[in-house]
Amino acid sequence: KKNPVKDALPEDLLQQNSSGFGNTGMITHLPCGVAMKLNASFSLDASCPAACPLLADPTSKSKKEFCISKCVVADQCAYINAEAPVPDEKLGSCRGPIVPGCEEHSLDGTDTCLRCGAFRVLENGKCHLYYKKTAYGVLALLVVVVLVLLWILGDLMLRPATNETNLEDALNYRSKQKFRKPDSDGTGRHLYALSTNLCNTIIGGPGLALHFRFQAVLICWAAVVAASWVLLALLTDYDLLVLGTKEFGTAFRNCVLVAWGRSTQRRLMFVKESFVIIVYIFSVVGSIIFGIQQLRFYQQLDEQNDTMKDYAVIISDLPSLAGTEPVEQELKECLETSTSQTVVGVSICWAYREQKDTIHVEMMKSLHKQQGQRVTHFQQPVEEMGPFRRRLFEIEKMILSEGEEQEVSEAELKELVQSIRSSSMAFAVFDTEQARDEAVQLLSNGLIFRDHTVRVKAATLEPHGVHWNNIDGTGFNGKLWRLAKGFVYIVLCLFLWMLIFYTPYAWAILKFNYEGGRQPGVIYTLIFSVIVCVGNLLMAEICGRVADAIGFEFKDTRENCYMVLYLTAIALNVGLDLWTTYFMATQIMVGMDFRTEDGILLADVDSFVQKFESYALQRSMGQQLIEYAWPCTFIVPFLAEPCAVIFLFSRIFMLLVGSHPELKVWECRNWLAALDLELGRYADCLVNVYLATMVFLFPGGYTQWIFFYLAVSHIYIY
């Protein structure tokens, strides 16, 4: 069998390189003036002699011949390849002209442009921003905005404190929301130590412990996959750890890289497929076992601890009744008669969704009166403020306050309450858990109340898990309609985000000049991180609002819907990002004249499968995936959340609340209250896992890194 390298090169070239091994192949020293057919036998770091120091490729656009290179002197670059006439001694290669923003280059052997692209003007062969003054104006405007924000912050910090009592009350309320140890020694309830094992220590209910157990298993899973991949590479072939990570560059390097990469991919494909199958089986079986353990853990906690739900039943399918009737007392007597058990009390769920704001304000006023009258504080008169502070103060007042308090007389409030009709749901509390269980068993076929058969079942949630104002009887159809409208809203926001934020970035990447292996700098990576972080935070806020607008009766249902919506939105977001990444990578590889291993230019490949399986695109997509995952998705949003969303916002609202004495007690508490725990973190974890597993579609050099980054980031999240 003939040696393809030996057939393409003179005998003395093989003899010259027989004792040296390069980065990829064994040929590291190249002769002058010899046309060499490039393949995987050449080293990526192969160099030409000093007499002819530049590599030239005469076949960059050729349909038939491809990947032929020879060592030449600088004067021969334009003769060998008219489209790469510029001698670049630093690269050691003849290359095309490099002029940022250029559409048509001059082929005179210099970095000169003949025609510039959009938003640029040609001056002395270079492309300058056409709207340079406009760009500077926009930059100056951004600087002014930053200065105004700093001025506002300074104004807040310099204001006199006129609401100290309510501010202190709100901060105490926020502090009480923190998880604290039981007062077992009489010294008070102290905060839990940072080293507390949250997988077994129940500090905030079983849901919190279940989540941290999930996080711990995810960390171990990612670490095991990363370590297994490294061990497999060390035992079989080290190329598993570097395949896809070698940088592209000159035409010579790109040809050798594609030839080596594709041949190595094929050689190691069986090893990779076997590993993926093992990881899949291990993950599926492990997930089933872990799910069973999670269920048993919850059941054990539920059996060991008595909570309010253990004494309660949910009564559904009640008829709609007026608020003027003593419905709760009547239902209590009916339950006691039917079950012969003592009923502590019955609470009807009233349909007051439309009147919830008025009811809420009156309830807060009543609660405040029970705790004592409000202390009058000094307020700086508006007329003594400067014009800037006065206007700013009025804007803040519109945002922070619920508005002018409407006086509601006792008679009007009574009339309002009596006008509210009951919903189809009620809760009843029994004296003991055994009494509750016996009552549920006796009423398994229903309870007759006012000639209606109502259903009675054991409660499965705590009182704080009920959204009382959402029990309005709109039913399944109303919720489904609001869900459909919310999903359209999410898709519309996602499209606008892509159009406003991602499109300019994609345009900048596509217009970047990749000649000679140039790649976008750190500023592009930072911009991409900000885009991904802003997109994820935007989707979280939008999905939360949609889940609230649907009007679920129970918090668990709302959280499940929010998690599914958020996961779906982020999955669509990631899918659009990856599709855009695929499109950009394709255009970049086409612009750099990459080919398949068969020598077909990527620009001439019509099949998606053939194009996707080409090593050039595989390598580019693998690199884009790791950059998208780390640090953009894995860690940046979780660093921004405590810094910006929690710390910065809390400090700003402390300044605002302290300078607005017109705010009511409950308004101050609401603005400074800690964020509720929600299931969105599960969606974040699943998206990270989704991204990490996608690495198996691409060359294996990034596999160990993406799973290592996944483990490290979730250690921080934990």
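In what follows, the structure referred to is the one given above.
Residues numbered from 1 in each chain as written. Predicted model: local features only at pLDDT ≥ 70, side-chain atom pairs only at ≥ 80, totals over all residues. Heavy atoms only, no water.

**Notes on the overall build of the protein chain**
Thought 1: Scanning the protein chain from N- to C-terminus turns up 21 helices and 16 strands.
Thought 2: Against the compact-globule benchmark of 27 Å for 718 residues, the protein chain has a radius of gyration of 34 Å, which places it well outside the compact range.
Thought 3: For the protein chain, the C-alpha atoms occupy an extent of roughly 105 × 65 × 55 Å along the three principal directions.
Thought 4: Put simply, the protein chain has 718 residues, and 43% of those count as buried.
Thought 5: Look at the contacts in the protein chain between residues 6 or more apart in sequence, and 68% of them connect residues 24 or more apart.
Thought 6: Across the protein chain, the 62 positively charged side chains and the 76 negatively charged ones have centroids separated by 5 Å. (Helix = DSSP H or I, 4+ residues; strand = E, 2+ residues; numbered from the N terminus. Rg over C-alpha atoms; globule rule 2.2 N^0.38 Å. Buried < 20%, exposed > 50% of the residue type's maximum accessible area, 1.4 Å probe, protein only. Contact = heavy atoms within 4.5 Å. Lys, Arg positive; Asp, Glu negative; His and termini not counted. Charge placed at Lys NZ, Arg CZ, Asp CG, Glu CD.)

**With respect to the state of the cysteines**
Thought 1: For the structure on display, the rule yields 6 disulfides.
Thought 2: Covalently, cysteine 32 is tied to cysteine 52 through a disulfide, its sulfur atoms 1.7 Å apart. Taking the torsion about the sulfur-sulfur bond, which here is approximately -90°, the covalent link between cysteine 32 and cysteine 52 counts as left-handed. Pair noted here: cysteine 32 is in the loop between strand 1 (27-29) and strand 2 (36-37) and cysteine 52 is in the loop between strand 3 (42-47) and strand 4 (54-56), with a separation of 20 residues, a long-range link.
Thought 3: Residue class for cysteine 32 comes out partly exposed when judged on its relative accessible area of 37%.
Thought 4: Between the sulfur atoms of cysteine 116 and its disulfide mate cysteine 127 the distance is 2.0 Å. Looking down the S-S bond of the cysteine 116 and cysteine 127 bridge, the torsion is -95°, so its handedness is left-handed. On the criterion of sequence distance, the pair formed by cysteine 116 in strand 9 (residues 113-116) and cysteine 127 in strand 11 (residues 126-129) is long-range, its members being 11 residues apart. (Disulfide = S-S within 2.5 Å.)

**Considerations on the pairing of strand 5 (residues 68-72)**
Thought 1: Within strand 5, 4 of the 5 residues are buried, which leaves the element mostly enclosed by the surrounding structure.
Thought 2: In this structure, strand 2 lies alongside strand 5, joined through 2 bridges in antiparallel fashion. What sits directly across from methionine 36, in strand 5, is serine 69. (Pairing = 2+ DSSP bridges.)

**Focus on unusual backbone geometry**
Thought 1: Going from tryptophan 630 to proline 631, the amide bond is cis rather than trans, its omega being 0°.
Thought 2: For asparagine 124, which is not glycine, the phi torsion reads 55° and is therefore positive.
Thought 3: Mapped onto the elements of the fold, asparagine 124 is located in the loop between strand 10 (120-123) and strand 11.
Thought 4: Of note in the backbone geometry, aspartate 317 takes a positive phi value of approximately 70° without being a glycine.
Thought 5: Relative to the helices and strands, aspartate 317 is located in the loop between strand 12 (312-316) and helix 8 (327-339).
Thought 6: Overall, the relative accessible area of 37% leaves aspartate 317 in the partly exposed class.

**Here we look at the nonpolar core**
Thought 1: Formed by 103 residues in total, the largest nonpolar core has its most connected members in Leu30, Met539, Met589, Ile706 and Phe707.
Thought 2: If we ignore the near neighbours within four places in the chain, the residues touching methionine 589 are Phe248, Phe594, Leu602, Ala616, Leu617 and Ser620.
Thought 3: With 21 residues, the next largest nonpolar core counts Val313, Val327, Leu335 and Ala439 among its residues. (Core = buried A, V, L, I, M, F, W, Y, C linked by side-chain atoms within 4.5 Å.)

**Some details on the pattern of salt bridges**
Thought 1: This structure, assessed with the given rule, holds 24 salt bridges.
Thought 2: Note that lysine 309 is salt-bridged to aspartate 310, the shortest N-O span being 3.5 Å. With respect to class, lysine 309 is no different from aspartate 310; both count as buried.
Thought 3: Residues arginine 436 and aspartate 437 are paired through a salt bridge, measuring 2.9 Å at the closest nitrogen-oxygen approach.
Thought 4: Classification of arginine 436 by relative accessible area gives buried; the value is 6%. (Salt bridge = Lys/Arg side-chain N within 4 Å of Asp/Glu carboxyl O.)

**Considering the packing of aromatic side chains**
Thought 1: For the coordinates displayed, the defined rule picks out 19 aromatic pairs.
Thought 2: Plain terms: the ring middles of phenylalanine 214 and tyrosine 682 are 5.1 Å apart, the flat faces sit at 50° to each other, and that makes the pair tilted. Highlighted residues: phenylalanine 214 in helix 6 (residues 206-235) and tyrosine 682 in helix 20 (residues 680-693), separated in sequence by 468 residues.
Thought 3: With relative accessibility at 19%, the residue tyrosine 682 sits in the buried group.
Thought 4: Each ring, one from phenylalanine 275 and one from phenylalanine 696, has its centre 6.2 Å from the other, and the planes form 55°; the classification is tilted. A residue pair is termed long-range when its members are at least 10 positions apart, and phenylalanine 275 in helix 7 (residues 251-304) and phenylalanine 696 in the loop between helix 20 and helix 21 (703-717) qualify at 421 residues. When sorted by exposure, phenylalanine 275 lands in the same class as phenylalanine 696, which is buried.
Thought 5: An aromatic cluster is defined as three or more aromatic residues linked by ring pairs; in this entry it consists of Trp221, Trp229, Phe275, Phe696 and Phe707.
Thought 6: Geometry around tyrosine 562 places arginine 558 over its ring, the cationic atom sitting 5.1 Å from the centre. (Phe/Tyr/Trp six-rings, centres within 6.5 Å; stacked < 30°, edge-to-face > 60°. Lys NZ or Arg CZ within 6 Å of the ring centre and 35° of its normal.)

Worth remembering: the numbers are spatial, not functional.
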